[in-house]
Amino acid sequence: MMDFLFAFFLTSIFFSQVCESKDIVYGVNCGGEAHTDSNGIKYSRDKLSDGTASDFGRRMSIARASQGDQILYQTERYHFKTFSYTVPLNREGNYVLVLKFSEVYFSGPGQKVFDVHLNGEPVVSELDIFDRVGKGVAHDDYVSFSIKGGQLNVNGNVMPFDGKLIVSFVRGSYDNPKCNAFYILRGTLDDVPRLPEPAAEEEEEEEEADDDEEENVPQQQQKQQQQPNGPQSTFQKKSGRPKRNPYEADGSSLITPIVMALAIVVPLVLCLCRL
C-alpha cells in the first residue's frame, strides 16, 4: 500500500510539471466551483445555465480520485435533454479533450446511457458509467482532435471549423446525459495525466485465497470421514462391558478339589480308627 501511495505521489509531481509546460486552453468543473487539481490543471466555475447543477455526489467518496480532487467527480451538470458547452479555440495544433465522469446515483448498468459529440461528431457512444467502472468510481474518457487550416479533424473526419468547439452531451434512451468535469489540453495523449488503475488484482487474489480455504475445509472433512477404522484416541471411552482375561490367576479353581479330597479322606480315617 505504501509503495502505491509513493508511486502515486511521484506521478502527481511529474504530471504537475508536465501540465505546467503544456497549454490547458479550457477547463470547467461541471455543476461546481473553481478548482485546481493535483496536476496543476485549473477548472473554472460552471456558468452554464442549461440543465441542473448538482452536488449529490458529495455524499460519497470517489474511488480512483485523490482526496484533493474528489470534488471534480462529486459535482455534475445534467439535463433532461441534450446540452452543450461552447469553447472558443483559435490556435492550430493537436488537442485532447479529457472528459471526467462518475456514477453517484444509479446502482446498476443500463440505467443511464448517453453519447458525447464534438461539433456534431460522435466521440463517445453509449456511455454507461456504471457498466464501465461501477458506482462511486472515477472514469475519464480521452478524445484526440486537431485543428489545421480552418479544418477540424475528429476521428479522421474533417469538417469546417469556425473557431468554436462545441462539446455536446446527447440524451440517449436511458435517463439524462451528464458531465462531472472536462478540460482541453493542447498536446497529445502522452501529455495527459491518467487515473490510477482500479485495485482489482489484490481483491481477486484475496477472493481466490478465501475460495481455497473454503475448498480445503470440505476436503479435510472428507478425509476424516474416509478413515473410520483408524487409530482412536486413548481418551476415547469404549462401549460395552469389559471382557475377563482368561489368563488371570483365579484362586477359586484350587479350593474345590481340596474340599472334595477332605470330604473323602476324613470319613475314611474315622472308620479306620474304629476298627
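## Examining the sheet that holds strand β4 (residues 52-54)
- On the basis of which strands lie adjacent, the open sheet formed by three strands has the order β4-β5-β14 and antiparallel pairing. Since the sheet does not close on itself, it has two edges, and those belong to β4 and β14 (178-179), each with one partner.
- Here three bridges tie β4 to strand β5 (residues 76-78), and the two strands are oriented antiparallel to one another. Bridge pairing in β5 links A53 to R77.

## Re the side chain of E103
- On the secondary structure map, E103 appears in the loop between β7 (93-101) and β8 (113-118).
- It is K178 that comes nearest to the buried, bridge-free E103 among opposite-charge side chains, at 5.0 Å.
- Within the structure, E103 has its side chain in polar contact with the backbone nitrogen of Y105 (distance 2.9 Å).
- A distance of 2.9 Å separates a polar atom in the side chain of E103 from the backbone nitrogen of F106.
- Contacts of E103, omitting those with residues within four sequence positions, involve K112, I129, F130, G134, K135, G136, V137 and K178.

## Focus on the pairing of strand β13 (residues 164-174)
- Relative to β13, strand β6 (residues 83-88) runs antiparallel, the two being bridged by six bridges. When the sheet's bridge partners are listed, Y85 is paired in β13 with V167.
- Where β8 and β13 come together, six bridges link them in antiparallel fashion. Looking at β13, one finds that F114 is bridged to R171.

## Observations concerning the pattern of salt bridges
- Summed over the entire model, instances satisfying the criterion amount to six salt bridges.
- Of the charged contacts in the structure, one is a salt bridge between D46 and R77, with a shortest N-O distance of 2.7 Å. Placement of D46 in the loop between β3 (42-45) and β4 and of R77 in strand β5 is noted, with a sequence separation of 31 residues between them. We note that D46, like R77, is buried.

## Structural notes on the environment of D46
- D46 gets classed as buried once you look at its relative accessible area, which sits at 8%.
- Separated by 30 residues in the primary sequence, D46 and E76 place their C-alpha atoms 9.4 Å from one another.
- Look past the residues within four positions of D46 in its chain and what remains in contact with it is V28, N29, C30, G31, G32, R77 and Y85.
- Separated by 2.7 Å, the side chain of D46 and the backbone nitrogen of G31 make a polar contact.

Cut-offs applied
- Residues numbered from 1 in each chain as written.
- Predicted model: local features only at pLDDT ≥ 70, side-chain atom pairs only at ≥ 80, totals over all residues.
- Heavy atoms only, no water.
- Pairing = 2+ DSSP bridges.
- Helix = DSSP H or I, 4+ residues; strand = E, 2+ residues; numbered from the N terminus.
- Buried < 20%, exposed > 50% of the residue type's maximum accessible area, 1.4 Å probe, protein only.
- Lys, Arg positive; Asp, Glu negative; His and termini not counted.
- Salt bridge = Lys/Arg side-chain N within 4 Å of Asp/Glu carboxyl O.
- Polar contact = N/O pair within 3.5 Å; in protein donor to acceptor, adjacent residues only side chain to side chain.
- Contact = heavy atoms within 4.5 Å.

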